[in-house]
Amino acid sequence: KTAYEIRNCDWSSDVCSSDLGVRRGTDVLKALALGAQGVLIGRPYAWALAAGGEAGVTQLLTLLREELEVALQACGCPSVREVPRELVLPRERPA
């Protein structure tokens, strides 16, 4: 889903995930604040796998997790389950 679609999900029936170009832990935080219930990391995963095999993917996931933890602390969020939507400013859908 796009950022606009994630922000406007019908939470009673939609499962929202994001593939909005996640490259850093802060990107994960923004997607969660928009309402995503998870993020997809296809391209970085493929790069890490090609560059370092299993160890590269492990290093990527560790780095993303550490960056996300730092971003959560900086925003005062105790966990990913408690990321407020107010962390990102609402924006109207482009015409």
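Structure shown above.
**Concerning the overall build of the chain**
If you tally the helices and strands in the chain, you get 3 helices and 2 strands. Among the 95 residues that make up the chain, the fraction classed as buried is 29%. Considering only intrachain contacts with a sequence separation of at least 6, the fraction spanning at least 24 residues in the chain is 43%. With the model as given, the accessible surface of the chain reaches about 6600 Å², and the carbon-plus-sulfur share is 54%.

**Quick notes on helix H3 (residues 42-75)**
Spanning 34 residues, H3 covers only 26 Å between terminal C-alpha atoms, well under the ideal 50 Å at 1.5 Å per step. Remark: the principal bend of H3, roughly 135°, maps to Gly 52. By the burial criterion, the buried members of H3 are Pro 44, Ala 48, Gly 56, Val 57, Leu 60, Leu 64, Leu 68, Ala 71 and Leu 72. Where H3 is buried, its residues contact helix H2 (25-34). Immediately beyond the C-terminal end of H3, within one or two residues, lies Gly 76, with a positive phi of roughly 75°.

**A short note on the packing of H2 against H3**
Following both chains from N to C, one finds H2 and H3 inclined at 60°, their axes separated by 7 Å at the closest point. Taken together, the axes of H2 and H3 lie oblique to each other. Of the two elements, H2 crosses H3, and the hand of that crossing is right-handed. Every residue of H3 that contacts H2 at Gly 25, Thr 26, Val 28 and Leu 29 is listed here: Leu 64, Glu 67, Leu 68, Ala 71, Leu 72 and Cys 75. Across the contact of H2 with H3, the residue classes break down as 7 nonpolar, 2 polar and 1 charged.

**Examining the nonpolar core**
Membership of the largest hydrophobic core comes to 17 residues, with the highest contact counts inside it found for Val 28, Leu 29, Ile 41, Leu 60, Leu 68, Leu 72 and Val 83. Within the residue set of this core, elements represented by two or more residues are H2 and H3. Broken down by element, this core gets its largest block of residues, 7 residues, from H3. In this structure Leu 60 touches Ile 41, Pro 44, Tyr 45 and Ala 48, once residues within four positions along its chain are discounted.

**Considerations on H2**
Taking burial as the measure, the 10 residues of H2 include 8 buried ones, the bulk of the element. Residues of H2 that are buried: Gly 25, Asp 27, Val 28, Leu 29, Ala 31, Leu 32, Ala 33 and Leu 34. Positive backbone phi, approximately 115°, marks Gly 35, located one or two places after H2.

**What about the pattern of salt bridges?**
Two side chains of opposite charge can pair, provided their charged atoms sit close to one another. This model, assessed by the stated rule, comprises 3 salt bridges. For Asp 27, the salt bridge identified is with Lys 30, shortest N-O distance 3.5 Å. Separated by 3 residues within a single helix, Asp 27 and Lys 30 lie in helix H2, roughly one turn from each other. You can call Asp 27 buried: its relative accessible area is 14%. Among the ionic pairs, Glu 69 bridges to Arg 65, the shortest N-O distance being 3.3 Å. Here Glu 69 and its partner Arg 65 are both found in helix H3, 4 residues apart, which amounts to about one turn of the helix. On the accessibility criterion, Glu 69 (37% relative accessible area) is partly exposed. One connected set of salt bridges, linked through shared partners, spans Arg 24, Asp 27 and Lys 30.

What counts and what doesn't
- Residues numbered from 1 in each chain as written.
- Predicted model: local features only at pLDDT ≥ 70, side-chain atom pairs only at ≥ 80, totals over all residues.
- Heavy atoms only, no water.
- Helix = DSSP H or I, 4+ residues; strand = E, 2+ residues; numbered from the N terminus.
- Buried < 20%, exposed > 50% of the residue type's maximum accessible area, 1.4 Å probe, protein only.
- Contact = heavy atoms within 4.5 Å.
- Areas by Shrake-Rupley, 256 points an atom, 1.4 Å probe, with all protein chains shown as cover.
- Expected span 1.5 Å × (residues − 1).
- Bend = angle between axes of the 7 residues up to and from the residue.
- Axes fitted to C-alpha atoms, helices over the stretch in contact; angles between N-to-C directions.
- Parallel < 35°, antiparallel > 145°, perpendicular 65-115°, else oblique.
- Left-handed = near helix turned anticlockwise from the far one by under 90°.
- Nonpolar A, V, L, I, M, F, W, Y, C, P; charged D, E, K, R; others polar.
- Core = buried A, V, L, I, M, F, W, Y, C linked by side-chain atoms within 4.5 Å.
- Salt bridge = Lys/Arg side-chain N within 4 Å of Asp/Glu carboxyl O.

Any functional reading would require information beyond the geometric quantities listed.
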